[in-house]
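# A closer look at the structure
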Amino acid sequence: ASHAPERLATLLLSPAGLALTKYSAASGLSYLFPAAVQAFYDDRLEAFFSAHSAALGQAADALPAPVAITVAVAVDLGLAAAFAVDKLGGLALALVLAAALSLRSATGKPKRA
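Residues numbered from 1 in each chain as written. Predicted model: local features only at pLDDT ≥ 70, side-chain atom pairs only at ≥ 80, totals over all residues. Heavy atoms only, no water.

When its secondary structure is counted, the protein shows 6 helices and 0 strands. The buried share of the protein, taken over its 113 residues, is 15%. Taking the intrachain contacts of the protein between residues at least 6 apart in sequence as the baseline, contacts between residues at least 24 apart amount to 66%. When the accessible surface of the protein is summed, it comes to about 8,400 Å², and 68% of that surface belongs to carbon and sulfur atoms. (Helix = DSSP H or I, 4+ residues; strand = E, 2+ residues; numbered from the N terminus. Buried < 20%, exposed > 50% of the residue type's maximum accessible area, 1.4 Å probe, protein only. Contact = heavy atoms within 4.5 Å. Areas by Shrake-Rupley, 256 points an atom, 1.4 Å probe, with all protein chains shown as cover.)

Encoded structure:
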């Protein structure tokens, strides 16, 4: 079984594409929570992707490979965040906010003279 249409094979079999499919947030979530991720896809995403697959494929074909990979990473992270919010609700938002604030304080802002 495949999770992607044939026209994306060249992109997904490139080194960046292989890394994306192996280390994507969606892949990790589906490994950890297979039933929940499948239910999220069935309930929230399947109708959209089924209805718009041709247009999405044309858009993907029109993009240069580096841009397509960047868009794929952004979509992957967005879908992972949507899954977290859907399943965890406000707790997920609080955790993301806490992580962002923690990262910001860890990197520190340069002091003004």
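Continuing now.
Our next topic: a nonpolar patch on the surface. On the surface, a cluster of nonpolar side chains totalling about 270 Å² of accessible area is made up of Leu63, Val67, Val71 and Val75. Along the chain, Val67 turns up in helix α5 (residues 65-88). Overall, the relative accessible area of 37% leaves Val67 in the partly exposed class. (Patch = residues over 30% accessible without salt bridge, like charges linked within 9 Å, V, L, I, M, F, W, Y side chains within 5 Å. Salt bridge = Lys/Arg side-chain N within 4 Å of Asp/Glu carboxyl O.)

Glancing now at the nonpolar core. Grouped together as the largest cluster of nonpolar side chains are 6 residues: Leu29, Val37, Phe40, Leu45, Ala80 and Phe83. When residues of this core are traced back to their parent elements, those giving at least two are α4 (34-62) and α5. Per-element tally for this core: the top contributor is α4, with 3 residues. The contact partners of Ala80, leaving out residues within four places of it in the chain, are Ala25 and Leu29. (Core = buried A, V, L, I, M, F, W, Y, C linked by side-chain atoms within 4.5 Å.)

As a further point, take α5. If you check α5, its first and last C-alpha atoms are 34 Å apart, about what 24 residues at 1.5 Å a residue would give, namely 34 Å. When α5 is considered as a whole, its buried residues turn out to be Ala68, Ile69, Asp76, Ala80 and Phe83. At its buried positions, α5 is contacted by α1 (9-12), α2 (15-23), α3 (25-32) and α4. Two residues or fewer after α5 comes Gly89, characterised by a positive phi angle close to 60°. (Expected span 1.5 Å × (residues − 1).)

Taken N-terminus to C-terminus, the directions of α4 and α5 make an angle of 120°; their axes are 11 Å apart at the nearest point. Classified by the angle their axes make, α4 and α5 are oblique. The handedness of the crossing between α4 and α5 is right-handed. Counted together, Ala36, Val37, Phe40, Arg44, Leu45 and Phe49 of α4 and Leu79, Ala82, Phe83, Asp86 and Lys87 of α5 form the full contact between these two elements. The residue inventory of the contact of α4 with α5, partitioned by class, reads 8 nonpolar, no polar and 3 charged. (Axes fitted to C-alpha atoms, helices over the stretch in contact; angles between N-to-C directions. Parallel < 35°, antiparallel > 145°, perpendicular 65-115°, else oblique. Left-handed = near helix turned anticlockwise from the far one by under 90°. Nonpolar A, V, L, I, M, F, W, Y, C, P; charged D, E, K, R; others polar.)

For the structure shown, the criterion picks out 2 salt bridges. Of the charged contacts in the structure, one is a salt bridge between Lys87 and Asp86, with a shortest N-O distance of 3.7 Å. In this structure Asp86 comes out as partly exposed when scored by relative accessible area, which is 29%.

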